[in-house]
Amino acid sequence: MIIGSILKGKGAEVVSVRPDDTVLTVARRLGEHRIGAALVTDTAGAMLGIISERDIVRGMAAHGPGTTGLKAEQFMTRDLVTVTPQTLVIQALALMTQKRIRHLPVIVDGRLAGMISIGDLVKARIEEAEQEAEELKAYVTAAG
């Protein structure tokens, strides 16, 4: 299974924030959408980084009280790890494990096509395993 098949079902909508948004604004946006990360983009939509719940927690631990008024750009991860729609789900899972990340922007011809989370990948793998099990069951039943 490839990432593109996940995006077909999930859609291409990606929540983004601005680098000058406060941490409180970002946290509210994440909560509102029930997501764990948002892309940080400039006014033209160019990707500058990603900010996750983990980034916010680490920032709070480092900066203490008053963190919520600081800017997203102070907490975001600037070095984006990305995939394409042709990336295999198993490859994306390995990349997430290796890089210790939970979200991957999906890029086509240098442009954002969507974003996937580790939850999306795990769900896809479970569905794939269930389908294989049903096919094996049908094969055994037909052969027996």
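Anything mentioned here points back to the structure above.
Since we're looking at a predicted model, the values are computed, not measured.

Basis of the calculations
- Residues numbered from 1 in each chain as written.
- Predicted model: local features only at pLDDT ≥ 70, side-chain atom pairs only at ≥ 80, totals over all residues.
- Heavy atoms only, no water.
- Helix = DSSP H or I, 4+ residues; strand = E, 2+ residues; numbered from the N terminus.
- Contact = heavy atoms within 4.5 Å.
- Buried < 20%, exposed > 50% of the residue type's maximum accessible area, 1.4 Å probe, protein only.
- Pairing = 2+ DSSP bridges.
- Right-handed = clockwise from strand over helix to strand, strands pointing away.
- Core = buried A, V, L, I, M, F, W, Y, C linked by side-chain atoms within 4.5 Å.
- Salt bridge = Lys/Arg side-chain N within 4 Å of Asp/Glu carboxyl O.

**Overview of the environment of Thr77**
1) Next: Structurally, the position occupied by Thr77 is in the loop between α3 (53–63) and α4 (89–99).
2) Next: As a C-alpha pair, Thr77 and Ile90 span 13 residues in sequence and 24 Å in three-dimensional space.
3) Next: Ignoring anything within four residues of it in the chain, the contact list for Thr77 reads Gly49, Ile50 and Asp55.

**Examining the pairing of strand β2 (residues 37–41)**
Along any regular strand, the residues point their side chains to alternate faces of the sheet.
1) Next: Counting buried residues along β2, five of its five residues qualify, which places the element largely inside the surrounding structure.
2) Next: In this sheet, β2 lies alongside strand β1 (residues 16–17) in parallel orientation, the contact comprising two bridges. Looking at β2, one finds that Val17 is bridged to Val40.
3) Next: As a crossover connection, the stretch from β1 through helix α2 (residues 23–33) into β2 is right-handed.
4) Next: Summarising the sheet, β2 and strand β3 (residues 47–52) pair through five bridges and their orientation is antiparallel. Bridge pairing in β3 links Thr41 to Met47.
5) Next: Between the end of β2 and the start of β3, which pair antiparallel, lie five residues, with Gly45 showing a positive phi angle near 90 degrees.

**Section: the nonpolar core**
1) Next: Residues Ile3, Ile6, Val83, Ala92, Leu104, Ile116 and Leu121 are the most contacted members of the largest nonpolar core, which totals 14 residues.
2) Next: Apart from residues lying up to four places away in sequence, Leu121 is in contact with Ile3, Ile6, Val89, Ala92, Leu93, Met96 and Ile116.

**Digging into the environment of Gly119**
1) Next: Locating Gly119 in the fold gives a position in helix α5 (residues 118–143).
2) Next: Assessed through its relative accessible area of 40%, Gly119 is described here as partly exposed.
3) Next: For Gly119 and Tyr139, which are 20 residues apart along the polypeptide, the C-alpha to C-alpha distance reads 30 Å.

**Quick word on unusual backbone geometry**
1) Next: Located in the positive-phi region is Arg34, a residue other than glycine, with phi close to 55 degrees.
2) Next: Among the secondary structure elements, Arg34 is positioned in the loop between α2 and β2.
3) Next: Given the relative accessible area of 79%, Arg34 is considered exposed.
4) Next: Non-glycine residue Asp109 carries a positive phi angle of around 50 degrees.
5) Next: Within the fold, Asp109 resides in the loop between β4 (103–108) and β5 (111–117).

**Concerning the pattern of salt bridges**
1) Next: This model, assessed by the stated rule, comprises three salt bridges.
2) Next: A salt bridge links Glu128 to Arg125; the nearest nitrogen and oxygen atoms lie 2.6 Å apart. A residue pair is termed a helical-turn pair when its members lie 3 or 4 positions apart in one helix, as Glu128 and Arg125 do in helix α5 at three residues.
3) Next: Of the residues examined, Arg125 reaches a relative accessible area of 35% and is grouped as partly exposed.

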